[in-house]
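Chain by chain, the residues run as shown.
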Amino acid sequence: MKRKFLAMTLALAMGLSLAACGGGTASTPAPAETGEVEATTPAETGSTGDVITVGFAQVGHESDWRTASTKSAQDVFSAENGYDLAFVDCDNDSAAQLEAVRNFIQQGVDYIIIDPIVATGWDAVLTECEDAGIPVIVIDRTIDDSDKYVSWVGSDFKVEGLACGEWLKAYAADKGITEINALVIEGSVGASATIGRTEGFKEIADREGWTILDSQSGDFTEAGGQEVMESYCQSYAGQFNVVICQNDNEAAGAMTAMDNAGVTYGVGGDVILVSFDANKPYVQMVMDGKINANFECNPMAAPTVAEIIQQLEAGETPEKEIYVSESWFVAEDNVSTITVNGEEQECIYVTQEVLDARPY
Ligand code: AHR
């Protein structure tokens, strides 16, 4: 009860502080989803001596990236660290994700973490959280139709897409490739990760006069990537020289489809293959020359979320938007830097040492 009063006071203070800043709206967009509850047991630790209860409505389990994100949250919000985590895998179902959040409100958790499956449809349920005095922290993907959350921690997906385009431009110039005919395998429809990466790459493609032959959703899964690539191999046989997969699992599926169709890819192949996420096994594939470039999406938001919770517990006001740091990994050393939004960024040539240092 004491903790709930604290949460309500903090939410009120946050609202006042945002109002004082002219509304404090997030400049980023976000998505939503559902799942089944799997609660852990509480521990008698934590800075105040009380167990902090946290509900986490996770997108699902569609990718290696998602597995890393879930593990990070379960490690950080452990009983040993003074938390009682109610974890819900929403299985990429937006209605289930809204239901999960409402269940957390009913349970009276101290904090709610949401990784929104889709970017819209959030204001009503976030208002219910606010009315219940439960601070919400959004991670990874963004919410673009409500600002009723304390903080968002995640990636700049548009920058990831822009970086992909700028690297491809520099790479093609170095190789003497004058025509780009690209096929894009997008992530899940309505997810801010999909929206940002698509927009960023398209911006460069339009500027450079490249052809995007097709752009379809592979739903961030290996099966989805394979299915879309099989159809592309039939429809665009001999017409494409670039395949952009919006996550590593889709890239795995696309590789299977291209292997089956006799299309070569990677260093020395017919097709330049690009991926996003940079999970360790796929950075290995960059080192092996199967993937030409891989643009990281950092899944380790949970430690920052724990810091935000501790700030709230201490009566402080956390930052509204926190971007995680990300790197770009490449298979050849011909492009060492690119300029994105006027900022010079490194392209990391993958060696065994680079691979060994990857945390996930
Ligand atoms: O929202 C992050 C994206 O979601 C990752 O790129 C993808 O692997 C995951 O499913």
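Just so you know, the residues in each chain are numbered from 1, in the order the chain's sequence is written. For this predicted model, a pLDDT threshold of at least 70 governs which residues receive local features, and a threshold of 80 or more governs which side-chain atom pairs are given and counted, while totals over whole chains, interfaces and linings are taken from all residues. Each side-chain value is derived from all of the structure's non-hydrogen atoms; neither hydrogens nor water enter the calculation.

Caption draft 1: Highlighting the packing of aromatic side chains. Only the six-membered ring of Trp is used, alongside the rings of Phe and Tyr, when aromatic pairs are assigned; centres must lie within 6.5 Å, and planes under 30 degrees apart are stacked while those over 60 apart are edge-to-face, with the rest tilted. Taken as a whole and assessed by the stated rule, the structure comprises 9 aromatic pairs. With a centroid separation of 5.9 Å and an interplanar angle of 70°, the aromatic rings of Tyr232 and Tyr236 are classed as edge-to-face. Each of the two residues, Tyr232 as well as Tyr236, counts as buried. What links up through ring pairs into an aromatic cluster is the set Trp167, Tyr171, Phe276, Phe295 and Trp328. Only lysine NZ and arginine CZ atoms are considered, and such an atom sits over a ring when it is within 6 Å of the ring centre and within 35 degrees of the ring normal. The ring of Tyr149 carries Lys320 above its face, with NZ or CZ at 4.3 Å from the centroid. Relative accessibility thresholds used throughout: buried, under 20% of the residue-type maximum; exposed, over 50%; partly exposed, between the two (1.4 Å probe, protein chains only).

Caption draft 2: A look at helix α4 (residues 123-131). Within α4, the full set of buried residues consists of Val125, Leu126 and Cys129. The buried residues of α4 occupy an angular sector of 100° when the element is viewed end-on, so they sit on one face. The elements touched by buried residues of α4 are α3 (94-107), β4 (111-114) and β5 (136-139). Where α4 ends, the next residue or the one after it, Gly133, has phi of about 75°, a positive value. Labels follow the DSSP assignment, with helices taken as runs of H or I lasting at least four residues and strands as runs of E lasting at least two, numbered in each case from the N terminus. This arc corresponds to the set of directions leading from the helix axis out to the C-beta atoms. The contact rule is simple, with two residues in contact once any of their heavy atoms fall within 4.5 Å.

Caption draft 3: Here's a closer look at the sheet that holds strand β13 (residues 328-330). Across the sheet, 8 strands lie side by side as β8-β7-β9-β10-β11-β13-β15-β14; this open sheet has mixed pairing. Pairing within the sheet leaves two strands with one partner each, and these edge strands are β8 (211-217) and β14 (337-340). Taken over all neighbouring pairs, the strand axes of this sheet differ in orientation by 20° on average, direction set aside. All axes here are fitted lines through C-alpha atoms, helices being fitted over the stretch that makes contact, and every angle between N-to-C directions spans 0 to 180 degrees. Sitting on the sheet, helix α7 (residues 222-235) is in contact with β7 (181-186), β8 and β9 (242-245), with an inclination near 150° to β7. When DSSP finds two or more bridges between a pair of strands, those strands are recorded as paired.

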